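Architecture and fold: a report
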Amino acid sequence: MTTTTPAPPVAEPDPSALTCPGGLVGPCSGCQRPTHVYGSGGSPLCQWCMTPVMEKWGPGVRFVSTRS
């Protein structure tokens, strides 16, 4: 059993959003929290939404764009 720290309120951005340029910040696809979404290193999920996905699928899980 893994114990995790509860996520802060959705109004608070993901820490990744604080370390990237503002043009690369967008809403998490799970909870709409501001996160680093665009560009190199971006992910459509914030760290709190990604944690259960990684627990289910493993640390190698990656987002693959479906845009053509």
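Right, let's get into the overall build of the chain. Along its length, the chain carries two helices and two strands. Helices (α) and strands (β) of the chain occur, in sequence order from the N terminus, as α-β-β-α. Looking at the 68 residues of the chain, the share that counts as buried comes to 24%. A separation of at least 24 residues holds for 20% of the contacts in the chain among residues at least 6 apart in sequence. Total accessible area computed for the chain in this model is approximately 5000 Å², and 60% of it derives from carbon and sulfur atoms.

A word on the nonpolar core. Counting residues in hydrophobic clusters, the biggest one holds five residues: Cys28, Leu45, Cys46, Cys49 and Met50. Discounting chain neighbours no more than four positions away, the residues touching Cys49 are Cys28, Gly30 and Cys31.

Okay, unusual backbone geometry next. Of note in the backbone geometry, Gln32 takes a positive phi value of approximately 70° without being a glycine. Examined against the element boundaries, Gln32 turns out to sit in the loop between β1 (25-27) and β2 (34-36).

On the secondary structure map, His36 appears in strand β2. The exposure class assigned to His36 is buried, which follows from its relative accessible area of 12%. Within the structure, His36 has its side chain in polar contact with the backbone oxygen of Tyr38 (distance 3.0 Å). Those residues within four positions of His36 in sequence are excluded, and the remaining contacts are Ser16, Ala17, Cys20, Leu24, Gly41, Gly42 and Ser43.

With that settled, consider the environment of Pro6. Looking at the element boundaries, Pro6 is found in the segment before α1 (15-18). Residues Pro6 and Trp48, spaced 42 residues apart in sequence, show a C-alpha to C-alpha distance of 8.4 Å.

The next point concerns the environment of Thr19. Tracing the backbone shows Thr19 in the loop between α1 and β1. Along the sequence, Thr19 and His36 sit 17 residues apart, while their C-alpha atoms lie 8.4 Å from each other. Within the structure, the side chain of Thr19 is placed 3.1 Å from the backbone oxygen of Ser16, a separation counted as a polar contact.

Thresholds, definitions, all that
- Residues numbered from 1 in each chain as written.
- Predicted model: local features only at pLDDT ≥ 70, side-chain atom pairs only at ≥ 80, totals over all residues.
- Heavy atoms only, no water.
- Helix = DSSP H or I, 4+ residues; strand = E, 2+ residues; numbered from the N terminus.
- Buried < 20%, exposed > 50% of the residue type's maximum accessible area, 1.4 Å probe, protein only.
- Contact = heavy atoms within 4.5 Å.
- Areas by Shrake-Rupley, 256 points an atom, 1.4 Å probe, with all protein chains shown as cover.
- Core = buried A, V, L, I, M, F, W, Y, C linked by side-chain atoms within 4.5 Å.
- Polar contact = N/O pair within 3.5 Å; in protein donor to acceptor, adjacent residues only side chain to side chain.

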